[in-house]
Amino acid sequence: MSASVKSLLSTLTSRGPHRVLRGNLAIAGQPGVVFTPESGLNLPAVAFGHGWLTSAANYRQLLEHLASWGFVVAAPDTERGPIPSHLGLGTDLLTTLDICTGVRLGDGTISVHPDRLALVGHGMGAGAAVIAATQRQVAAVAALFPAPTAPSAENLAPDLDTPALILAGATDLASVSSNAIPLATAWGGRSVFRAIDGASHNGIIEGRRVLAAVGAGKHESKTARTTRALLAGYLLATVTADKTYKAFADPEAEIPHTAVIDPEAKEEPKAPKLKIGQLAGLLRR
């Protein structure tokens, strides 16, 4: 592991150099929020999809963090009920990108380049981002702790040649609430699949949330910081083509607090446990 990667990860954990402004997407007809750098033309943009029973407000630190690194970041605040439409959220992500590229933001000093776009989501929002990516060419997709959706994201993934970052929690990688492994296995383009040490799939959700009533775990500060850094580094490397952060788009790079996962690797069979009598017999041979 190079010292430079460790240093970059530490840097990306902190906020970037830009002062952040907050706006309301509803002014343009789409419920949601938008965070931007204070100024800048032809900026990269991210449309972010929230998870199940959460809202854009539960990801404020994540959205502001990306904006501080130079991205326009917009999150629709729809499909928040117990039976959401994943297709509907995907459509809202596309509408959000249209607003970002078609409207001058702030006082007119902020604009987005139409070829520097990314779709990002958490949980069901990750699946919605994949759904949206089948309908619009973007520079990158990031699926943070993806969860099963209808239609199935892994069934759509083989047709996508878009670069992708797939993050999962090491503690629940194989749980029924995660489809990270089948999504990574099916992805048609270049992908980076990492598991974050000690992380669970709901660890990045901030503040009060309905999920607490159904037994979801608490906010995990370490998971949130690592996720923000990995996501920022990946988007800087792919969407803005900043070679400084190329390691974050390298599926073989060693990055602290993470493990690269080969989704097609077969698990080694475990040796059978021997009883005391069997063990004694082996020792006499």
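The structure presented is a predicted model; accordingly, all values stated were derived computationally and were not measured.

A.B. asks: Explanation requested: the overall build of the protein in the structure shown.
C.D. replies: Each helix and strand counted, the protein has eight helices and nine strands in total. The buried share among the 285 residues of the protein stands at 53%. For the protein, the proportion of contacts with a sequence separation of at least 24, taken over those separated by at least 6, is 71%. Carbon and sulfur atoms provide 53% of the accessible area of the protein, an area that totals close to 13300 Å².

A.B. asks: So what exactly am I meant to see when it comes to helix H7 (residues 221-238) here?
C.D. replies: In an α-helix, one turn spans 3.6 residues, which is why side chains three or four residues apart end up on the same side. The end-to-end C-alpha separation of H7 is 26 Å, in line with the 26 Å expected for 18 residues at 1.5 Å each. Burial analysis of H7 places 15 of its 18 residues in the buried class, the great majority of the element.

A.B. asks: What am I meant to see in the pairing of strand E4 (residues 72-76) here?
C.D. replies: Along any regular strand, the residues point their side chains to alternate faces of the sheet. Counted residue by residue, E4 has five buried out of five residues, so it is predominantly covered. Burial of E4 is two-sided: the residues Val-72, Ala-74 and Pro-76 facing one way and the residues Val-73 and Ala-75 facing the other way are all buried. Sheet topology places strand E3 (residues 40-49) next to E4; three bridges connect them, and they run parallel. Directly across from Ala-47, in E4, lies its bridge partner Ala-74. With helix H2 (residues 60-68) bridging E3 and its parallel neighbour E4, the resulting β-α-β unit is right-handed.

A.B. asks: Even after reading the chapter, I still don't get the sheet that holds strand E9 (residues 258-260), so can you show me in this structure?
C.D. replies: In a beta sheet, neighbouring strands pair by backbone hydrogen bonds and run either parallel or antiparallel. Reading across the sheet, the nine strands line up as E1-E2-E4-E3-E5-E6-E7-E8-E9 and stay open at both edges, with mixed pairing between neighbours. Whereas interior strands pair on both sides, the edge strands pair on one side only; in this sheet they are strand E1 (20-24) and E9. Averaged over all pairs of adjacent strands, the angle between strand axes in this sheet comes to 20°, irrespective of strand direction. Alignment of strand E8 (residues 191-196) against E9, held across three bridges, turns out to be antiparallel. Looking at the pairing, Ala-195 lines up with Ala-259 of E9.

A.B. asks: How do you make sense of unusual backbone geometry when you look at a structure like this?
C.D. replies: Excluding glycine, most residues fall at negative phi; most peptide bonds, likewise, are trans. Here the residue pair Ala-150 and Pro-151 is connected by a cis peptide bond, since its omega of 0° sits within 30 degrees of zero. At Asn-42, a position not held by glycine, the phi torsion is positive, near 55°. Within the secondary structure layout, Asn-42 lies in strand E3. In this model, Phe-145 sits at a positive phi of 50°, which is unusual for a non-glycine residue. In this structure, Phe-145 sits in the loop between strand E6 (140-144) and helix H5 (153-156). When its relative accessible area of 3% is taken as the criterion, Phe-145 is described as buried.

A.B. asks: Teacher, can you tell me more about the packing of helix H3 (residues 86-102) against helix H4 (residues 124-133) here?
C.D. replies: When two helices pack together, their arrangement is given by the angle between the helix axes and the distance between those axes. As a packed pair, H3 and H4 sit with axes 8 Å apart at the nearest point and diverge in direction by 65°. Seen along the crossing, H3 lies across H4 with a hand that is right-handed. Residues His-86, Leu-87, Leu-89, Gly-90, Leu-93 and Leu-94 of H3 lie in contact with H4, whose contacting residues are Met-124, Gly-125, Ala-128, Ala-129, Ile-131 and Ala-132. The residue makeup of the contact of H3 with H4, split by class, is nine nonpolar, three polar and no charged.

What counts, and at which threshold
Residues numbered from 1 in each chain as written. Predicted model: local features only at pLDDT ≥ 70, side-chain atom pairs only at ≥ 80, totals over all residues. Heavy atoms only, no water. Helix = DSSP H or I, 4+ residues; strand = E, 2+ residues; numbered from the N terminus. Buried < 20%, exposed > 50% of the residue type's maximum accessible area, 1.4 Å probe, protein only. Contact = heavy atoms within 4.5 Å. Areas by Shrake-Rupley, 256 points an atom, 1.4 Å probe, with all protein chains shown as cover. Expected span 1.5 Å × (residues − 1). Pairing = 2+ DSSP bridges. Right-handed = clockwise from strand over helix to strand, strands pointing away. Axes fitted to C-alpha atoms, helices over the stretch in contact; angles between N-to-C directions. Left-handed = near helix turned anticlockwise from the far one by under 90°. Nonpolar A, V, L, I, M, F, W, Y, C, P; charged D, E, K, R; others polar.

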